[in-house]
Amino acid sequence: MSLFVVDERFDPPIDAEKLNPYSDALSPCLKTYDVRWVSSYVARDGSQCVCIYEAPDAESVRRAYRAAAVPFKHMVWAATRYTHE
Amino acid sequence: MLHDGRPVELPPSKRTRALLAYLVATYRSHTRQRLCELLWQGPDDPRAALRWSLWKLRPLLDHGRTQRLVADRERVSFEPHGAEIDLIGVRALLNGAAADADTASLEAVERRCRGDFIDGVELPECYAFQEWRAGECEVYRSLRLDVLGTLATRLAPGAPERALAFSRRRVAIDPLSEDAHAQLIRLLVCLGRHADAIKQYDTCRHILEVELHRRPSAVLEQARTIIRAEVGVSDSRAPMPPPVEIQEPAAARPLVGRQAEQLALDEIVAAAREARAPEVTLLLGDPGIGKTRLLEALHERVRAAGGIALVARAFEAERTRPYGPFVDAFRGIALAKAPAGIAAEVSRLLPGSANGPPSTDGAPDKSRLFDAMARLLDWLAARRLVCLSIDDLHWLDEASVALLHYCVRQARGPVIFATAARRGELGDNPSALRLTRDLTRGRRLRQLAVGPLDPEAIAALVSDVPHGTDVAWVLSESEGHPLYALELARAGPGAGAAPAESLDELISDRLVRLEGRANDVLPWMAAMGRTVHPRLLAEATELPVGEVLSALAVLERRAVVRASPAADDRYDFAHDLIRRAAYRRISPPQRRLVHARIATAIAAHREGPETWAVDVARHADLGGDSALCVQACLEACARCLQVFAYGEAERLVELGQRHAARLADASRIRGQMQLYAILVHPGLKLHHPGPLGAQIADLCTEAADAGLTAECSLGFKLIAQLHHHAFGDVPRARAAIRRAVEVFDSLPAEPNLEPLTDGAYCLAYLEIDMRRTRALFDDLARLRGVEGLLGFQWGIGLISLWEGELDRARQALRSANTLAMRAKKTWAEFDTLAAIATVELEAREHDRVLALSPELERLADKLGESGNEGPFARSLAALARLESGDEEGAGELDGAIQALERVDSRYHLAYVLNTAAQIAFRRGMLAEARRRSEAAKRAADAVERIGESRRAELVLAAIEAREGRPEPARRFVAGARPEDLASLPRRTRDILPLLRELVSGHA
């Protein structure tokens, strides 16, 4: 399993308090394509969001998004995690 | 059955007898499968049971070189070879309607008709057999009535006495027929027996009033007019003498004889009080030999020792009533003080035993229920000696057998487990037989064979039958059989002169002498099939409770019924043989009426909240009330699922389906769909998931046609659930179908197939267990309107591509592409078009691949640069170029593969790299082929694309062989089993011939 980052843009902006409005549609599809949600970062103005996933490949993440009809702006990219430890 | 004029003893197993009857009566060959379904449906090994029965029958039928039982691996039949079969004889004699046959033939037919068709071979749990049996019974019954009626009419002018005998038989068989009564009355008048004629008229009027709530019709009134016209003519004969009134003590008879058995009972109680490891006592013997009386003696000992006896018995009619005997045994036991956890859990089985509902901590399961029941027994046993006693083990339902077994294994305190069974019939109950075998193996079964009584005991037994009994005669005729002895004694002092009749006949004769309300109540009680509360009896018969009670008092005095030892307020027959005799006296049409009324009464009354539905289902079945039967089956199934009695639920579904099929359309569809919903319950083992999916799909279409949207939606959900269970071992498949199930749960009733087809498409895309996925699509294909759904066409296309059915794949994918375009789903449009390009590549239509390329590029651009679409489209084009000999393809392929790696699309990489490796192999570039194959395997394994992973392995094996190392290829060739190959895509399987060629080249 590798880490993947997805960049979502929202126009009009979403209510940042409610996090990702698409998560209900997305979560069953994530399971189908063997993708695990790790964390999300939502811009305070609600215009964009970055989500981190674990998945077998980037294609599985894209596929899950498309199957759930959730728009994503930029490419899904594989990532390595660095922390100060 | 006779051989050389002597009776042949048939095997005691009822199923074996039923098999014999079926083979002989149907007189044709049957598949083993059919016979198993008819008589041995269930989780055990039906074929082994059939073999065993055939083995038991063979010595009875085959003699010397004459082989009557003809069986091969597939089929079984009976061939008479000179054996005289009454049924065949009757058919030959009649050869049409009775009116066309001569009188001698009719009399010959009547001589051959002895009782009902295969009387006594009832198998209530084998519905298909029962159905056949009931049909045949009806045919032969109406044939016999026809013959008797014709004979009585023809003989009336010349030989009225003989006609009278036939007419009486006709009335006995069909007591509800006014024609039959009228004919009998006319004959009695003709013979000058006016008093008997008047009595016959009164009897008929009484029957009509009690059974049908009807007044006599014109036919009967005409007959009455004839009597009136003849009044004044002297009555030449006296009416029948009044019946002998037998007064017997209502209390249980004292136990006589049985010294050895009584010692054994004392020892059992002593052992339990010393808290030795509990064992099960099994009393084995023939019907009427005294097993129940010995069980009662054990209960008396337990009570005398300060203990408690939990007493119940199993009933033949109640094999689908799960845990019935346990419910009966614990009825009336105060469980209020039992620990809360236990009481709450057992309340599932024994409603009213707890104030709160069962625990919701964790999923409910059978083991928790069983554990609570075992702990309940232990809790009771910690206070006092406990005896759990279940009579007639041979009829115990599957669920109760399992629970009993569990309780025996778990019991620690002083608990006595006692049961009794008919020797020969235990073999008809596979689960009970298994229980006794397991207990024997574990040395926890104490068998007591109950044999005949000694002469002194028999003399003591009949000593209080209140009229002069010829004891010597009883002793010699009964051969120590206590029930037979009692019946002989009850038959009266004159019986000594007559030859002894069979036990059944003796009982029947005694019942014939009953009169008035006792006679009215008797058939109802017999039809109930179990212990009865007088209130229910009153409701069913529509008689005042007071009259029912006095009728029961008469029956009790005459030792026909007795207060049930298991429940104070109920009555039971003094012996099951008496119940059987009483039931046999009811004619089939009357039986239907009686059962239908009982079903309605129980349904209205809901007596015994935990089991009423099973009872209603059974009576409604026998009473032919299909609507009530289906409803009751559904309620009973819900109860079965609640107490984890899955085997019983399955049998009830089968019964319900049989009746649902008889209902009018909307009710039928509704009933059938709800019954299917029970079958798809996760607790039930799916015996035939394939046909079930297809049946549900067909019913969905019918529901849609009938405008039953809720049923239609339920059907879709069931199909999804069915496949959800089928994919039990593949988490991703389960997730895909689970999604469909969840969406259906949240949908309103409006049918919408998309969630289901989308879930199915995911499975096809992920290439998970494609055989099951294909089954799912086969089911979906039966649903109307499914062709217009993107998910369906797309899935069919991908499966067909996987299977190598390229024409079908092309066609479906084109439809999917059009649907995606219409829905403005660009990514789906690209994917379906890319799949078409893949089909063309595999069909070696390279020009077509290249022709699709610009459109694929255009769609990829539209989707943006971040995805796999552009690189994948370029890969397909490059592969087509290379295959068609264009060397520029090589460079393009490298670039496209690198791009696919960059966007991390291992799913597509696996396919592209494998195809590239095969091209390199064909061109003899083994190093490149190896590099591509190894990369393909890594990519395929990462996304669990098993078909592509195996393809890489096979190509690598081919490379090794080509390089002089044939071992891996040889291993593949040797280990290729058909079932493994079927789980691989065609493109992978197609490599095997190459491997074989390479291996044989090395050889």
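Trainee: Which residues make up the overall build of chain A, and what values go with them?
Mentor: Looking only at helices and strands, one finds 2 helices and 4 strands in chain A. Walking chain A from its N terminus toward its C terminus, one meets helices and strands in the order β-α-β-β-α-β. Out of the 85 residues belonging to chain A, those deemed buried represent 36%.

Trainee: Kindly report on the overall build of chain B, identifying the contributing residues and their values.
Mentor: When helices and strands are tallied, chain B shows 48 helices and 12 strands. Burial analysis of chain B (1003 residues in total) assigns 48% to the buried set.

Trainee: Let's hear about the packing of helix α20 (residues 482-490) of chain B against helix α21 (residues 503-512) of chain B: which residues, and what values?
Mentor: Residues and elements named next belong to chain B. Relative orientation of the contacting elements α20 and α21 amounts to 40°, with a least axis distance of 10 Å. Of the possible angle classes, the one that applies to α20 and α21 is oblique. Between α20 and α21 the crossing geometry is left-handed. Residue-level inspection shows Leu483, Tyr484, Glu487, Leu488 and Arg490 of α20 in contact with α21, the latter providing Leu503, Leu506, Ile507 and Arg510. Considered class by class, the residues forming the contact of α20 with α21 number 6 nonpolar, no polar and 3 charged.

Trainee: A description of the nonpolar core should follow, citing residues and the corresponding values.
Mentor: All names here are of chain B. Counting residues in hydrophobic clusters, the biggest one holds 295 residues, and the most contacted among them are Met373, Leu377, Ala617, Cys633 and Ala958. For Ala617, the residues in contact, after removing those within four places along its chain, are Cys629, Ala632, Cys633, Ala636, Leu652 and Leu655. One finds Leu148, Ala152, Leu184 and Val189 within the second-largest nonpolar core, a separate group that totals 25 residues.

Trainee: Residues and numbers for helix α23 (residues 534-541) of chain B, please.
Mentor: All names here are of chain B. Among the 8 residues in α23, 6 count as buried, and that is most of the element. Within the span of α23, buried status applies to Leu536, Leu537, Ala538, Glu539, Ala540 and Thr541. Packed against the buried residues of α23 are α22 (516-528), α24 (545-557) and α26 (588-605). A positive phi of about 60° marks Glu542, the residue just after α23.

Trainee: So what's going on with the pairing of strand β6 (residues 280-285) of chain B? Residues and values would help.
Mentor: Residues and elements named next belong to chain B. Within β6, 5 of the 6 residues are buried, which leaves it mostly tucked inside the rest of the structure. Across 6 bridges, the pairing between β6 and strand β9 (residues 415-422) is parallel. Bridged to Leu282 within β9 is Thr419. Of the pairings in the sheet, the one linking β6 to strand β10 (residues 445-449) comprises 5 bridges and is parallel in character. Residue Leu284 lies in a different strand from β10, and its bridge partner there is Ala449.

Trainee: Outline the sheet that holds strand β5 (residues 75-78) of chain B, listing residues and values.
Mentor: All names here are of chain B. Strand order in the open sheet made by the 3 strands is β3-β5-β4, with antiparallel pairing throughout. Of all strands in the sheet, those with a lone pairing partner are β3 (30-31) and β4 (69-71), marking the two edges. Across the sheet, helix α3 (residues 46-61) touches β4 and β5, and the angle it forms with β4 is around 140°.

Trainee: An account of the packing of helix α38 (residues 826-842) of chain B against helix α39 (residues 846-863) of chain B is requested, with residue identities and associated values reported.
Mentor: Residues and elements named next belong to chain B. Contact geometry for α38 and α39: axes closest at 10 Å, N-to-C directions at 160°. In terms of orientation, α38 and α39 fall into the roughly antiparallel class. Where α38 crosses over α39, the two elements pack in a sense that is left-handed. Every residue of α39 that contacts α38 at Thr826, Trp827, Glu829, Phe830, Leu833, Ala834, Ile836, Ala837, Glu840 and Leu841 is listed here: Arg848, Val849, Leu852, Glu855, Leu856, Leu859, Ala860, Lys862 and Leu863. A class-by-class count of the residues in the contact of α38 with α39 yields 13 nonpolar, 1 polar and 5 charged.

Trainee: Summarise the pairing of strand β1 (residues 2-9) of chain A; cite the residues concerned and give the values.
Mentor: Residues and elements named next belong to chain A. Relative to strand β3 (residues 48-55), β1 is paired through 8 bridges, and the arrangement is antiparallel. Across the sheet, the residue bridging to Leu3 is Glu54, located in β3. Here β1 pairs with strand β4 (residues 77-79) via 3 bridges, running antiparallel. Bridge assignment links Phe4 to a residue of β4, and that residue is Ala78.

Trainee: Lay out unusual backbone geometry in plain terms, naming residues and giving numbers.
Mentor: All names here are of chain B. Notably, Tyr27 is not glycine yet its phi reads approximately 55°, a positive angle. On the secondary structure map, Tyr27 appears in the loop between α1 (14-26) and β3. Take Tyr27: there are 14 C-beta atoms within 10 Å of it, and that puts it in the partly exposed class. Positive phi outside glycine occurs at Asp392, with the angle close to 55°. By the element assignment, Asp392 lies in the loop between β8 (386-391) and α16 (398-410).

Trainee: Which residues make up the interface of chain A and chain B, and what are the values?
Mentor: Contact with chain A, which involves 15 residues of that partner, is made by 18 residues of chain B. With 5 residues, helix α2 (residues 58-67) of chain A is the largest single contributor of residues to the side of chain A that touches chain B. Of the residues belonging to the side of chain A that touches chain B, the class tally is 6 nonpolar, 3 polar and 6 charged.

Trainee: Account for the confidence of the model for chain A, with residues named and values stated.
Mentor: Scored by pLDDT, chain A has a mean of 79; 87% of the residues are at 70 or more. β3(A) holds the highest mean pLDDT among the elements of chain A, 88, whereas β4(A) holds the lowest, 72.

Trainee: Outline the sheet that holds β10(B), supporting the account with residue identities and numerical values.
Mentor: Residue and element names in this part refer to chain B. Spatial ordering of the open sheet is given by β7-β8-β9-β6-β10, a layout of 5 strands whose pairing is parallel. Either end of the sheet is taken by a strand with one partner, and the two such strands are β7 (308-313) and β10. Neighbour-to-neighbour, the strand axes of the sheet open up by a mean angle of 15°, direction not taken into account.

Trainee: Got a sec to walk through the environment of His206(B)? Specific residues and values, please.
Mentor: Relative to the assigned elements, His206(B) resides in helix α9 (residues 194-212). His206(B) sits 314 residues away from Asp520(B) along the chain, and the two C-alpha atoms are 9.4 Å apart.

Trainee: Before we move on, can you summarise the environment of Ala18(B) with the specific residues and values?
Mentor: Residue and element names in this part refer to chain B. Residue position: Ala18 is located in helix α1. Classification of Ala18 by C-beta neighbours within 10 Å gives buried; the count is 24. When the C-alpha positions of Ala18 and Arg133 are compared, they lie 9.4 Å apart, and in sequence the two are 115 residues distant. In this structure, Ala18 is in contact with Leu39, Val121, Leu123 and Phe129, ignoring residues within four places of it in sequence.

Trainee: Which residues make up the confidence of the model for chain B, and what values do they have?
Mentor: Residue and element names in this part refer to chain B. Per-residue pLDDT for chain B averages 84, and the proportion of residues at 70 or more is 92%. When mean pLDDT is compared element by element in chain B, helix α37 (residues 806-822) scores highest at 96, while helix α33 (residues 731-746) scores lowest at 72. For the stretch residues 233-250, pLDDT sits under 50, and the model shows 28 contacts to residues farther than four places along the chain or on other chains. Interface confidence for the predicted complex, expressed as ipTM, amounts to 0.81; the pTM equals 0.70.

Definitions and limits used
- Residue numbers run consecutively from 1 along every chain, following the written order of its sequence.
- Whichever chain is written first becomes A and whichever ligand is written first becomes 1, with later ones labelled in order.
- A pLDDT threshold of at least 70 governs which residues receive local features in this predicted model, and a stricter bar of 80 or more applies before side-chain atom pairs are shown or counted, although totals over entire chains, interfaces and linings include all residues.
- For helices the rule is a DSSP run of H or I covering at least 4 residues; for strands it is a run of E covering at least 2, with both sets numbered from the N terminus onward.
- Counting other C-beta atoms within 10 Å of a residue's own tells you its class, since 20 or more makes it buried, 12 or fewer makes it exposed, and anything in between is partly exposed; those C-beta atoms are placed from the backbone.
- For helices, the fitted axis covers only the stretch in contact; all axes are lines through C-alpha atoms, and the angles between them, taken along N-to-C directions, range from 0 to 180 degrees.
- Roughly parallel means an angle under 35 degrees; roughly antiparallel, over 145; roughly perpendicular, 65 to 115; everything else is oblique.
- In this scheme the crossing of two helices becomes right-handed for a clockwise turn of the near helix relative to the far one and left-handed for an anticlockwise turn of less than a right angle.
- For the purpose of contact definition, each residue receives a C-beta atom placed from its backbone, and two residues are in contact when these atoms lie within 7 Å.
- Residue polarity follows a fixed list, in which Ala, Val, Leu, Ile, Met, Phe, Trp, Tyr, Cys and Pro are nonpolar, Asp, Glu, Lys and Arg are charged, and the others, Gly among them, are polar.
- To define a nonpolar core, we join buried Ala, Val, Leu, Ile, Met, Phe, Trp, Tyr and Cys residues through C-beta atoms within 7 Å and take the resulting set.
- A pair of strands counts as paired when DSSP detects no fewer than two bridges linking them.
- For every residue, the predictor assigns a confidence score, pLDDT, that lies between 0 and 100.

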